[in-house]
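An overview of the molecular structure
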Amino acid sequence: MNDPIVESLNYILKTSDEISFDNPPILEEEFTSFKLRLENGSLNVEIKNNCATEDQARSFVDPYLKAWELDYFLTFGRKEFWFEFINSKIVDRNPTIVEGSNTVRVNISASIISFSGLSATVHVTRNKYPLPPKKIKYSPDVESLIKRVEGFQNGKEPLLSMAYFCLTIIESSAGSRTKAVEKYSIRRDVLNKLGDLTSERGDKSEARKVKNRLFFEPLTMPEQNWIIETIKLLIRRKAEYDFDPDATFQEITMGELPAI
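Residues numbered from 1 in each chain as written. Predicted model: local features only at pLDDT ≥ 70, side-chain atom pairs only at ≥ 80, totals over all residues. Heavy atoms only, no water.

**Topic: helix α1 (residues 54-76)**
Defined as follows: Put simply, DSSP H or I for four residues or longer makes a helix, DSSP E for two residues or longer makes a strand, and each gets a number counted from the N terminus. Here the expected span of a helix is defined as 1.5 Å times the quantity of residues minus one. We define the bend at each residue as the angle formed by axes fitted to the 7 residues ending at it and the 7 residues starting at it.
Between its terminal C-alpha atoms α1 stretches 32 Å, which fits the 33 Å expected from 23 residues at 1.5 Å a residue. Where α1 bends most, the angle comes to about 35 degrees, and this point is F60, followed within four residues by the proline P63. Looking at the residues trailing α1, positive phi occurs at G77, about 85 degrees.

Spelled out as structure tokens, the structure:
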């Protein structure tokens with residue numbers, strides 16, 4: 001009987017028009033289940049677990065790579081790099097040997113995942129790859145939050161509706177605003193301010209609530225910036241919590257956010 005095992009997964013590092021890497025040093029990291037090596041834009045992931053199929057191996061590698069992309073996104077505010085799956089190396093440990101042959105079959109399977117690019121703005125060249133994150137998780141809730149932020153960045157959703165959705169996810173995942181304060185270690189005044197801005201501000205094109213409003217007060221630029229930076233902090237905290245709910249987190253306060 002054949003006995004396949006996945007030896008490695010291979011990815012390529014893709015970047016948007018806003019960023020490139022100039023001769024960065026090789027990056028190597030080792031974890032319990034796999035070891036990775038990023039060199040010249042190619043990522044090789046050596047599988048340490050016994051995985052019989054490509055899907056099985058990718059089930060624990062891909063979420064880690066998503067967390068890596070997430071960490072960069074939250075640090076720099078844009079989706080500028082991501083990993084595209086290329087192929088896997090699968091070796092049969094009990095191959096069918098054809099008489100008179102010493103050949104061992106190695107199966108290479110391949111698939112391609114395509115991503116849409118971003119329009120160019122300011123180009124940045126970096127001489128190091130971003131380090132992999134240690135303590136964040138790309139959970140389903142985090143994925144929902146990121147997709148809404150990307151929708152805002154791509155002009156598909158107003159800032160206030162995106163921010164209100166993110167606030168709602170944070171609060172509903174905890175049970176209430178009061179419980180979110182404790183669960184995620186966020187000062188209540190931060191959530192209150194975000195709630196006030198997303199409910200009471202905005203012009204006619206972006207305001208969430210219009211009933212009984214006599215006038216519309218657009219967001220100032222400092223307020224827009226405050227909302228964006230607050231959402232980034234909330235998403236990172238959700239990713240940190242989902243990685244380790246028992247961890248002790250530094251409290252998110254107004255002092256960590258831009259002045260408004």
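This is not the end of the story, as more comes after the structure.
**Digging into the nonpolar core**
Our working rule: Only buried residues count toward a nonpolar core. Its members are Ala, Val, Leu, Ile, Met, Phe, Trp, Tyr and Cys residues joined through side-chain atoms within 4.5 Å. Only protein chains enter the accessibility calculation, which uses a 1.4 Å probe. A residue is then buried if its area is under 20% of the maximum for its type, exposed if over 50%, and partly exposed in between. Should any heavy atoms of two residues lie within 4.5 Å, those residues are considered in contact.
Counting 37 residues, the largest nonpolar core has L70, I186, L194, I227, I231 and I235 as its most contacted members. Every element with two or more residues in this core is listed here: α1, α2 (140-153), α3 (159-174), α5 (188-200) and α6 (221-243). A per-element tally of this core places α3 first, with nine residues. Not counting residues within four places of it along the chain, the set of residues in contact with I235 comprises L70, L74, V142, L145, I146 and V149. If you look at the next biggest cluster of nonpolar residues, it comprises 25 residues, including Y11, L13, Y72 and F85.

**Quick notes on the packing of aromatic side chains**
Quick note on the threshold: To pair, rings of Phe, Tyr and Trp, with the six-membered ring standing in for Trp, must have centres within 6.5 Å; the planes then decide the type, stacked if under 30 degrees apart, edge-to-face if over 60, and tilted in the middle. Over a ring means this: the NZ of a Lys or the CZ of an Arg is within 6 Å of the ring centre and within 35 degrees of the ring normal.
Applying the stated criterion across every chain yields a total of 14 aromatic pairs. Judged by centre distance (5.2 Å) and plane angle (50 degrees), the rings of F21 and Y129 are tilted. Within this pair, whereas F21 is found in strand β2 (residues 19-21), its partner Y129 is found in the loop between β8 (124-126) and α2, the two being separated by 108 residues in sequence. You'll find F21 and Y129 in the same group, each marked buried. Here the aromatic cluster, defined as three or more aromatic residues joined through ring pairs, consists of F31, F34, F60, Y64, W68, Y72, F76, F81 and F83. We note K79 situated over the ring of W82; from NZ or CZ to the ring centre the distance is 5.4 Å. Above the plane of the ring of F76 lies R126, whose end atom (NZ or CZ) is 4.1 Å from the centre.

Taken by themselves, the reported measurements are silent on function.
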